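The residues making up each chain are set out below.
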Amino acid sequence: MKIGIVGLGDIAQKAYLPVITQRDDLELVFCTRDPQTLAALAGKYRIAETCQDYRQLPAMNVDAVMIHAATHVHFEIASFFLEQGIPTFVDKPLCDNAAQVEQLYTLATRQQQPLYVGFNRRHIPLYNQYIPELAEQRLGALRSLRWEKHRCAHPGDIQTFIFDDFIHPLDSVNLNHQSDLRDVDVRVQTQGQQLARIDVSWESGSTLLCASMNRQFGTTSERVSACYDNHAFEFDSFVEGREWKSSEERHLKVKDWTPMLATKGFSAMINDWVACVNTGTVASEVVERNIATHRLADAIYEQVIGQLA
């Protein structure tokens, strides 16, 4: 399988290239406008074919593409490849507004091509091992799920904050495909016209779902807690956590020597993406969740904008 990699910036270099270049079943084509970066990375990973314009990739006979460019060009680039009938992977967010997300999925359906969104936190091995609802993308027996992702001294533009960053914890708890603000509580703290903190919660059936991001937290951290009846889990990293049951505590951790990018879900996510290319489809429930999460993020953005007007 031949895959074009569009965009070779920070996220591609840190999270994707170290994993995908290790696969013997894939042939890669690197694409970026920066000639120096292109030459350096092609040399490092021994990539034979490269280009500086993504529009050249169809003529290079790629079977699929992965887009790691800036969010504001996702719609343009993804539209181009879907129109060419090429399976397309896009880093989250797919777009920074729900209307464009829906347009892309309409196009993908018309072209009968898989459109995959890179939510790596859906694939974290440690969490999925102990919280089956995360792996199965359902509420199940969960009584509550809370996902926090925090940063230090980093208030930001509202749209970028919500779509490029907060969408991670928001999507991670969105097991019921919540798509609007009905029964959703949104609380924010601002610094001037910048967003500093957001907390979102809602109930689905008997399950309480909470997503939180504080960019004035004092450090970068991520915490996940899941509760069942008299049974609870808490993780403060992707590699270890604690379980409580029958008044006993158990320490949980990944196997020794597990690669870092595997613990963060990138290895499993790329496996899933390649499987989708091979089958030519993304599961309908995954598509529904992708669209729902972006719609919810859009509704939250509009509400926050309204509060600050």
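Because the structure is a prediction, the values reported are computed rather than measured. In every chain, residue numbers begin from 1 and rise along the written sequence. Local features in this predicted model are restricted to residues of pLDDT 70 or higher, and side-chain atom pairs are both shown and tallied only at a pLDDT of 80 or more, whereas totals for entire chains, interfaces and linings draw on every residue. Hydrogens are left out, water is left out, and the side-chain values use all remaining heavy atoms of the structure.

UniProt positions are given in the numbering used here, feature names are shortened, and annotations may be inferred rather than shown by experiment. The sites that carry the UniProt feature "domain: YceM-like C-terminal" (unreviewed entry) are, in the present numbering, residues 136-233. Between the first and last C-alpha atoms of residues 136-233 the distance is 17 Å; the span itself is 17% helix and 45% strand. Secondary structure counts use DSSP, requiring at least four H or I residues in a row for a helix and at least two E residues in a row for a strand, with both numbered from the N terminus.

So, on to the sheet that holds strand β1 (residues 2-6). One open sheet accounts for six strands, arranged β3-β2-β1-β4-β5-β6; its pairing is parallel. Strands with a single pairing partner mark the edges of an open sheet, and in this sheet they are β3 (49-51) and β6 (115-118). Averaged over all pairs of adjacent strands, the angle between strand axes in this sheet comes to 20°, irrespective of strand direction. Two strands qualify as a pair provided that DSSP identifies no fewer than 2 bridges between them. Two elements, strand β2 (residues 27-31) and β3, share three bridges in a ladder whose sense is parallel. Paired with Cys31 across the bridge in β3 is Cys51. Strands β1, β4 (64-67), β5 (88-91) and β6 of the sheet are contacted by helix α9 (residues 266-279), whose axis makes an angle of about 175° with β6. Each axis is a line fitted through C-alpha atoms, taken for helices only over the stretch in contact, and angles between the N-to-C directions span 0 to 180 degrees. The contact definition used throughout considers only heavy atoms, calling two residues in contact when any of these lie within 4.5 Å.

The classification of residues rests on relative accessible area computed with a 1.4 Å probe and restricted to protein chains. Under 20% of the type maximum is buried, over 50% is exposed, and intermediate values are partly exposed. Counting buried positions along helix α3 (residues 74-83) yields seven of 10 residues, so the element is predominantly enclosed. Regarding α3, the residues found buried are His74, Ile77, Ala78, Ser79, Phe80, Phe81 and Leu82. Tucked inside the fold, the buried residues of α3 contact β1, β4, β5, α4 (98-111) and β6. Just past α3, the residue Gly85 takes up positive phi, approximately 75°.

The subject of this paragraph is the pattern of salt bridges. Opposite charge on two side chains makes pairing possible when the charged atoms of those side chains draw close. By convention in these notes, a salt bridge is any Lys or Arg side-chain nitrogen within 4 Å of a carboxyl oxygen on Asp or Glu. Counting across every chain of the model gives 21 salt bridges. We note a salt bridge from Arg23 to Asp25, for which the minimum N-O separation is 2.8 Å. On the accessibility criterion, Asp25 (40% relative accessible area) is partly exposed. Across the pair Asp199 and Arg146 runs a salt bridge whose closest N-O atoms are separated by 3.7 Å. Of the two residues, Asp199 sits in strand β9 (residues 194-204) while Arg146 sits in strand β7 (residues 144-150), which places them 53 residues apart along the sequence. Of the residues examined, Asp199 reaches a relative accessible area of 18% and is grouped as buried.

Another point: the sheet that holds strand β13 (residues 240-245). Taken in spatial order, the eight strands of this open sheet run β8-β9-β10-β7-β11-β12-β13-β14, and their pairing is mixed. The outermost strands of the open sheet, each flanked by one partner alone, are β8 (185-191) and β14 (248-253). The mean inter-strand angle of the sheet, taken between neighbouring strand axes irrespective of direction, is 10°. Pairing analysis gives five bridges linking β7 to strand β10 (residues 207-214), with the strands arranged parallel. When the sheet's bridge partners are listed, Glu148 is paired in β10 with Ser212. Each of β8 and β9 is contacted by helix α10 (residues 284-308), which is oriented at about 55° to β8, the strand it contacts most.

Where helix α1 (residues 10-20) meets α9, the closest approach of the two axes is 10 Å, and the angle between their N-to-C directions is 60°. For α1 against α9, the interelement crossing comes out right-handed. Touching Ala15, Tyr16, Val19 and Ile20 of α1 are Phe266, Ser267, Met269 and Ile270, all from α9. Each residue receives one of three labels: charged for Asp, Glu, Lys and Arg, nonpolar for Ala, Val, Leu, Ile, Met, Phe, Trp, Tyr, Cys and Pro, and polar for the others, Gly being one of them. Of the residues that constitute the contact of α1 with α9, the class distribution is seven nonpolar, one polar and no charged. Should the near helix be turned counterclockwise from the far one by less than a right angle, the crossing is left-handed, whereas a clockwise turn marks it as right-handed.

Turning our attention to the packing of α4 against α10. Contact geometry for α4 and α10: axes closest at 8 Å, N-to-C directions at 160°. On the basis of their axis angle, the class for α4 and α10 is roughly antiparallel. Here α4 and α10 pass one another in a crossing that is left-handed. On α10, the residues that touch Ala98, Ala99, Val101, Glu102 and Tyr105 of α4 are Val287, Asn290, Ile291, His294, Arg295 and Asp298. Looking at the contact of α4 with α10 residue by residue, the class counts come to six nonpolar, two polar and three charged. Throughout this description, any angle smaller than 35 degrees is read as roughly parallel, any larger than 145 degrees as roughly antiparallel, any in the 65 to 115 degree range as roughly perpendicular, and the remainder as oblique.

With seven bridges connecting them, β8 and β9 associate as antiparallel partners. Each bridged residue has a counterpart across the sheet, and for Thr190 the counterpart in β9 is Leu195. The antiparallel hairpin formed by β8 and β9 contains two residues in its connecting segment, where Gly192 sits at a positive phi of about 65°. Two successive antiparallel strands, β9 and β10, enclose a turn made up of two residues, where Gly205 displays a positive phi of approximately 65°.

This brings us to the UniProt feature "domain: Gfo/Idh/MocA-like oxidoreductase N-terminal" (unreviewed entry) in the chain. Summarizing the sequence annotation, UniProt attributes the feature "domain: Gfo/Idh/MocA-like oxidoreductase N-terminal" (unreviewed entry) to residues 1-119 in the numbering used throughout. The span residues 1-119 is 39% helical and 21% strand by assignment, and the distance between its end C-alpha atoms comes to 22 Å.

This part is about unusual backbone geometry. For the peptide bond that leads from Lys92 to Pro93, omega is -10°, which places it in the cis range. On the secondary structure map, Pro93 appears in the loop between β5 and α4. Even without glycine at this site, Ser247 takes up a positive phi of about 65°. Summarising the element assignment, Ser247 is placed in the loop between β13 and β14. The exposure class of Ser247 is exposed, given its relative accessible area of 85%. Phi is positive for Trp257, close to 70°, though the residue is something other than glycine. Residue position: Trp257 is located in the loop between β14 and α8 (260-263). Overall, Trp257 belongs to the exposed group, its relative accessible area being 86%.

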